[in-house]
Amino acid sequence: FDKNLELSMSHGRGLFIKSHNDTLLLHDGALDTMCDFLWQNAQEKPIIFFLNSSPHNGVSNFNNADDFISHISIYSTWIGGFGLWKSDFDKINGFSRFAPQRLPQTDVLFRLMEQKNNFAVLNDVLFSIQPVTNKGGYNIAEVFGNNYMILLRRILGKKIISPRVFNRQMKRMLKHINRFYF
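About the cut-offs
- Residues numbered from 1 in each chain as written.
- Predicted model: local features only at pLDDT ≥ 70, side-chain atom pairs only at ≥ 80, totals over all residues.
- Heavy atoms only, no water.
- Patch = residues over 30% accessible without salt bridge, like charges linked within 9 Å, V, L, I, M, F, W, Y side chains within 5 Å.
- Areas by Shrake-Rupley, 256 points an atom, 1.4 Å probe, with all protein chains shown as cover.
- Salt bridge = Lys/Arg side-chain N within 4 Å of Asp/Glu carboxyl O.
- Lys, Arg positive; Asp, Glu negative; His and termini not counted.
- Charge placed at Lys NZ, Arg CZ, Asp CG, Glu CD.
- Helix = DSSP H or I, 4+ residues; strand = E, 2+ residues; numbered from the N terminus.
- Phe/Tyr/Trp six-rings, centres within 6.5 Å; stacked < 30°, edge-to-face > 60°.
- Buried < 20%, exposed > 50% of the residue type's maximum accessible area, 1.4 Å probe, protein only.
- Axes fitted to C-alpha atoms, helices over the stretch in contact; angles between N-to-C directions.
- Parallel < 35°, antiparallel > 145°, perpendicular 65-115°, else oblique.
- Left-handed = near helix turned anticlockwise from the far one by under 90°.
- Contact = heavy atoms within 4.5 Å.
- Nonpolar A, V, L, I, M, F, W, Y, C, P; charged D, E, K, R; others polar.
- Expected span 1.5 Å × (residues − 1).
- Bend = angle between axes of the 7 residues up to and from the residue.
- Polar contact = N/O pair within 3.5 Å; in protein donor to acceptor, adjacent residues only side chain to side chain.

*Asks:* Help me get a handle on a positive patch on the surface, residues and values and all.
*Replies:* The grouping of Arg168, Lys171, Arg172 and Lys175 at the surface amounts to a positive patch. Along the chain, Arg168 turns up in helix 7 (residues 163–181).

*Asks:* Which residues make up the packing of aromatic side chains, and what values do they have?
*Replies:* Evaluation of the coordinates by the stated rule reveals seven aromatic pairs. Judged by centre distance (6.2 Å) and plane angle (75°), the ring pair of Phe16 and Phe50 falls under edge-to-face. With Phe16 in strand 1 (residues 16–18) and Phe50 in strand 3 (residues 47–50), the pair connects residues that are 34 residues apart, well separated along the chain. Note on Phe16: relative accessible area 14%, which makes it buried. Relative to Phe119, the ring of Phe68 has its centre 4.4 Å away and its plane inclined at 15°; by these criteria the two rings are stacked. You can see Phe68 sitting in helix 3 (residues 65–72) and its partner Phe119 sitting in strand 6 (residues 119–122), a full 51 residues away along the chain. Taken individually, Phe68 and Phe119 each receive the classification buried, so the pair is uniform in this respect.

*Asks:* I'd love a proper account of the pattern of salt bridges, names of residues and values included.
*Replies:* Within the structure shown, the criterion is met by seven salt bridges. Salt-bridge contacts for Lys86 lead to Asp90; the nearest nitrogen and oxygen are separated by 2.9 Å. On the criterion of helical spacing, the pair formed by Lys86 and Asp90 is a turn pair, its members being four residues apart in helix 4 (residues 86–91). Judged by relative accessible area, which is 52%, Asp90 ranks as exposed. Residues joined by salt bridges that share partners form a network here, namely Arg97, Asp107, Arg111 and Arg154.

*Asks:* Let's hear about the packing of helix 3 against helix 5 (residues 104–113): which residues, and what values?
*Replies:* Packing of helix 3 against helix 5 leaves a shortest axis separation of 11 Å and a crossing angle of 155°. Here helix 5 runs roughly antiparallel to helix 3, going by the angle between their axes. As helix 3 packs across helix 5, the resulting crossing turns out to be right-handed. Taken together, the residues of helix 5 that come into contact with helix 3 (itself represented by Ala65, Phe68, Ile69 and Ile72) are Leu109, Phe110 and Met113. Tallied by class, residues from the contact of helix 3 with helix 5 come to seven nonpolar, no polar and no charged.

*Asks:* Quick rundown of helix 6 (residues 140–157)? Include the residues and the values.
*Replies:* Here helix 6 contains 18 residues, and its C-alpha end-to-end distance of 24 Å stays within 8% of the 26 Å for a straight helix at 1.5 Å per residue. Of all bends in helix 6, the biggest is about 25°, found at Met149. Listed as buried for helix 6 are Ile140, Val143, Phe144, Asn147, Tyr148, Met149, Leu151, Leu152 and Ile155. Where helix 6 starts, the residue carrying a side-chain oxygen 2.9 Å from the main-chain nitrogen of Ala141 turns out to be Asn139. In the stretch just after helix 6, Lys159 is the one whose phi turns positive, near 60°.

Nothing here speaks to function; it is all geometry.
Structure, rendered in structure tokens:
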């Protein structure tokens, strides 16, 4: 079902295509806030991410991958925060190549980082997550402990992020996994 992300996004006809998973509820005014944010960035077309984090309300702009990854961290895997400009979507070859590893959106996000060095993060809390039983249906340690780290190692190997940021992300990922298991 992770290949459905590419299929559903291929039907997008607007300037920006955003994923929205089935457990997210939009807060009042969220769509207006997102649209205003996108219009403000439409000319430059930076990599966009919706963090949904109350400690960081507002917009954060970055001009390097280290600061961007340090800011969004493990949430780079969150499908609800992912979106991309239609023009970028049309240029991506093999969009779903990482679908079997359950992180096609993170693979695409990291591949875009090879081409762009400007990032805009909307930090405002725009969504509530509905409680769902049997959420995910996948092995957290495999998806985050292994597959996410494979993607991080790729951008480390291409010198998109520094070893310092890579090591910090590895520690954050381990805390994330521990939260689910213990």
